[in-house]
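An overview of the molecular structure
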Amino acid sequence: MTVFFFNKSSSCRKQEGALLLLTLLILIVSVTVFVIFLINPIKIRNEQLNASRNAMAEYRENLVAFAFGSANGQLPCPDTSTNGFYEGSEDNNGCNEQEEVELGRIPWRSIELPPLKDAQSECFWYAVTGTHKKKFDNNQPNLMFNEDTPGMLRIINKEGNIVWGDQAYNRPVAAIIAPGGTLSQKAQDRSDDNMGQHSVVYCGGNYNAGNYLEVYDVPGYGTINNADEDSSSAGMIHDLVQGNLFDADVNDTILPVSRRDIFEPIMKSSSFKTDINNLALKLAECLAGYARISTSNELPWATPIDLTDYEDETAYEGIDGVKFGRLPYSVRSSVDTTWVYVDNLLNRGIYTEPPVINASAPAIAIDSTVSIPPELGQGPSCTPNFSPEESLMYQHWKDHFFYVLSCDNAPSAPWNTPPPCTTSDSLEVSGVSYAAILIFAGVPINDGQWERVGPPDVADAEDRKNEITRYLEGQNVNNYIELSGRGDYSNSDFTPPVSGSGYNDVLYCIRNNVSFDVIYPCN
């Protein structure tokens with residue numbers, strides 16, 4: 001008889017192993033479910049944030065396109081109500097104040113985009129500085145508006161660190177703001193407000209910025225209210241506090257628009273090059289015309305590059321002995337030996353008899369509104385040759401034009417006779433001598449050249465427009481540093497080299513001959 005023995009301990013071990021395996025499996029499943037539960041909201045939030053950032057970037061791109069297509073690179077006004085305007089259209093309510101920041105919803109209709117929304121399904125808000133916003137009264141920007149014009153916004157995080165705009169030259173000109181959801185500790189009423197002529201059907205809610213944007217006490221800066229747009233003083237910085245869409249206290253996220261975003265594509269465009277060329281050629285003709293009417297073939301003195309007010313055209317006055325500087329508007333100090341009197345370069349009245357003058361008191365200013373006596377004659381003027389667009393372009397870009405005259409063609413008024421000229425004093429481009437050279441400073445080719453700002457734009461700004469290296473390059477700068485202006489000059493075009501170095505100074509030359517021909521491009 002065969003006897004079978006039952007191994008009780010072996011059976012128990014098998015059951016315990018199966019139970020342990022089942023427990024481990026349950027634990028793995030539980031951890032997996034927990035991790036998925038934990039990660040999924042984070043993934044969703046990241047996807048929402050990315051979608052919100054992409055929408056803001058798309059809006060910035062179209063704001064830049066709007067500026068490119070507008071007169072002089074202006075940005076649109078915000079959408080501040082539907083009272084008389086379709087939702088998403090830029091409004092003119094309050095947008096004519098020159099120095100004030102304007103705040104509202106982004107004018108998505110005006111920049112040809114749909115009403116995109118942030119991660120909390122809210123439409124975006126938009127702030128634009130007074131220096132760069134379009135004005136509805138005459139649709140023109142400030143007295144002088146170009147790539148040097150700084151923004152007035154400064155963006156600071158909750159800890160008191162400046163995120164954008166730590167110096168005058170890099171302050172944003174506009175900001176796109178994602179308001180996020182309603183914060184529980186804030187009394188934010190986002191109920192629909194359809195009291196205007198047109199309903200708020202796309203974005204919903206209302207136009208009260210305080211119901212969307214935050215107020216926060218920032219260390220070192222005090223209370224910053226993102227909904228406050230009061231910035232009426234000239235040169236006043238406007239602060240915004242940066243948060244995160246999912247923060248519990250400040251959930252405004254901000255994307256800046258810089259002046260570089262606006263003007264770099266403008267200055268590289270073929271249309272800008274054409275317009276500047278046409279203007280520069282006429283300015284060069286003004287200089288040539290000055291020499292033609294002077295029996296001594298003299299050209300006016302240049303304007304120093306260091307000015308107290310770069311916006312005021314009357315500050316661009318030729319100063320005795322300055323051979324290399326900015327293009328003069330007023331040429332009163334350049335009376336030649338035949339006593340031909342010229343009031344200003346662009347709208348001049350010429351006397352065939354001298355005004356009262358002596359060694360210590362250069363020519364007396366003549367009010368251009370006073371008609372010149374017929375017996376004294378009326379000289380040629382460049383003004384009739386300027387289109388309104390060219391006159392406006394000169395007004396806005398006058399600080400970008402530099403001018404150098406040769407020793408042979410310098411004024412020789414009795415009180416300031418230049419020393420004798422030598423062959424080393426000649427102005428040359430590629431070995432060809434010229435009487436004068438007009439230079440347009442092209443788009444900045446390095447970060448340092450983007451730093452130029454100056455008075456009276458920003459109260460706290462160091463004047464960097466008075467540094468020639470912020471505008472010109474290479475040998476052209478060296479010739480200025482020598483003060484005589486003499487030497488060989490380098491000609492280029494409007495396109496900066498890929499390397500970020502080299503030349504992009506555009507030269508317009510005036511030949512030293514009887515007719516003073518204007519040459520472009522210079523040989």
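Provided above is the structure to which this section pertains.
So, here's what we can say about the structure. The model shown is predicted, which means the values in this text are computed figures rather than measured ones.

1. Some thoughts on the overall build of the chain
Broken down by element type, the chain carries five helices and 19 strands. Pairs at least 24 residues apart make up 67% of the contacts formed inside the chain by residues separated by at least 6 positions.

2. Examining the sheet that holds strand E14 (residues 427–429)
Sheet architecture is open: three strands sit in the order E15-E14-E17, paired in mixed fashion. At either margin of the open sheet sits one strand with a lone partner, and together these are strand E15 (432–434) and strand E17 (487–489). Taking each pair of neighbouring strands and ignoring which way they run, the sheet shows an average axis angle of 40°.

3. Section: the environment of His396
The residue His396 is located in helix H4 (residues 388–397) in this model. On the accessibility criterion, His396 (1% relative accessible area) is buried. Along the backbone, His396 and Asn146 are 250 residues apart, and their C-alpha atoms lie at a distance of 6.1 Å. Here Phe145 takes part through its backbone nitrogen, which lies 3.0 Å from a polar atom of the side chain of His396.

4. Some remarks on the environment of Ser258
Looking at the secondary structure, you find Ser258 in the loop between strand E9 (253–257) and helix H2 (259–267). Classification of Ser258 by relative accessible area gives partly exposed; the value is 25%. On a C-alpha basis, the gap between Ser258 and Asn170 in space is 7.2 Å, while along the polypeptide they are 88 residues apart.

5. Considerations on the state of the cysteines
What the rule picks out here adds up to two disulfides. The disulfide partner of Cys123 is Cys203, and the gap between their sulfur atoms is 2.0 Å. One disulfide, between Cys123 and Cys203, carries an S-S torsion of -85° and so falls in the left-handed class. Linking Cys123 in the loop between strand E1 (102–105) and strand E2 (125–128) with Cys203 in the loop between strand E5 (174–178) and strand E6 (215–218), this pair joins segments that are 80 residues apart in sequence. There is a disulfide in this structure between Cys509 and Cys522, and the S-S distance comes to 2.0 Å. Looking along the S-S bond of the Cys509-Cys522 disulfide, the torsion reads about 110°, which is the right-handed sense. Taken as a pair, Cys509 in strand E18 (residues 505–510) and Cys522 in the segment after strand E19 (518–519) lie far apart in primary sequence, 13 residues in all. Of the two residues examined, Cys509 and Cys522, each falls in the buried class.

6. Focus on helix H5 (residues 474–481)
Owing to its 3.6 residues per turn, the α-helix aligns residues three or four sequence positions apart on the same side. Where H5 is concerned, the buried positions are Asn476, Val477, Asn479 and Tyr480. Taken down its axis, H5 places every buried residue within 160° of arc, on the same side. For H5, the secondary structure elements touched by its buried residues are strand E10 (324–326), E17 and E18.

7. Points about the pairing of E5
Residues in a regular strand project their side chains so that they alternate between the two faces of the sheet. Within E5, five of the five residues are buried, which leaves the element mostly enclosed by the surrounding structure. Every second residue of E5 is oriented toward a common face, with Ala174, Ile176 and Ala178 on one face and Ala175 and Ile177 on the other, all of them buried. Pairing of E2 with E5, which is carried by four bridges, proceeds in the antiparallel orientation. Counterpart to Val128 in the pairing with E5 is Ala174.

8. Concerning the side chain of Asn157
Structurally, Asn157 can be placed in strand E3 (residues 153–157). When its relative accessible area of 16% is taken as the criterion, Asn157 is described as buried. When residues no more than four places from it in sequence are discounted, the contact partners of Asn157 are Val163, Val218, Val241 and Gln242.

9. Notes on the pattern of salt bridges
Tallied over the entire structure, the rule returns 17 salt bridges. A salt bridge links Glu264 to Lys268, with the shortest nitrogen-to-oxygen separation between them at 3.9 Å. For Glu264, a relative accessible area of 21% puts it in the partly exposed group. Accessibility expressed as a relative area gives 45% for Lys268, which makes it partly exposed. Here Glu285 ties to Arg292 by a salt bridge, and the two come within 3.2 Å at their closest N and O atoms. Overall, Glu285 belongs to the partly exposed group, its relative accessible area being 36%. Within this structure, Glu147, Asp148, Asp399, Arg452 and Lys465 form a network of salt bridges that share partners.

10. With respect to the packing of aromatic side chains
Tallying each qualifying case throughout the model produces 13 aromatic pairs. Seen from their ring centres, Phe324 and Tyr480 are 5.3 Å apart, and the 80° between their planes marks the pair as edge-to-face. Of the two residues, Phe324 is situated in strand E10 and Tyr480 in helix H5; the sequence distance between them amounts to 156 residues. For the pair Phe324 and Tyr480, a shared accessibility class is recorded, and that class is buried. With a centroid separation of 5.2 Å and an interplanar angle of 55°, the aromatic rings of Phe401 and Phe440 are classed as tilted. Of the two residues, Phe401 sits in strand E13 (residues 401–405) while Phe440 sits in strand E16 (residues 436–441), which places them 39 residues apart along the sequence. The exposure class assigned to Phe401 is buried, which follows from its relative accessible area of 0%. By the ring-pair criterion, three or more aromatic residues cluster together here, those being Phe145, Phe263, Phe272, Trp397, Phe401 and Phe440. When the ring centre of Tyr471 is taken as origin, the NZ or CZ atom of Arg326, which lies over that ring, is 5.2 Å away.

11. Things to note about unusual backbone geometry
A cis amide bond, omega -5°, links Tyr520 with the succeeding residue Pro521. Its identity is not glycine, yet Ser121 carries a phi of approximately 65°, on the positive side. Position of Ser121 among the secondary structure elements: in the loop between E1 and E2. In this structure Ser121 comes out as exposed when scored by relative accessible area, which is 52%.

Reading the values: rules and limits
- Residues numbered from 1 in each chain as written.
- Predicted model: local features only at pLDDT ≥ 70, side-chain atom pairs only at ≥ 80, totals over all residues.
- Heavy atoms only, no water.
- Helix = DSSP H or I, 4+ residues; strand = E, 2+ residues; numbered from the N terminus.
- Contact = heavy atoms within 4.5 Å.
- Pairing = 2+ DSSP bridges.
- Axes fitted to C-alpha atoms, helices over the stretch in contact; angles between N-to-C directions.
- Buried < 20%, exposed > 50% of the residue type's maximum accessible area, 1.4 Å probe, protein only.
- Polar contact = N/O pair within 3.5 Å; in protein donor to acceptor, adjacent residues only side chain to side chain.
- Disulfide = S-S within 2.5 Å.
- Arc of directions from axis to C-beta.
- Salt bridge = Lys/Arg side-chain N within 4 Å of Asp/Glu carboxyl O.
- Phe/Tyr/Trp six-rings, centres within 6.5 Å; stacked < 30°, edge-to-face > 60°.
- Lys NZ or Arg CZ within 6 Å of the ring centre and 35° of its normal.

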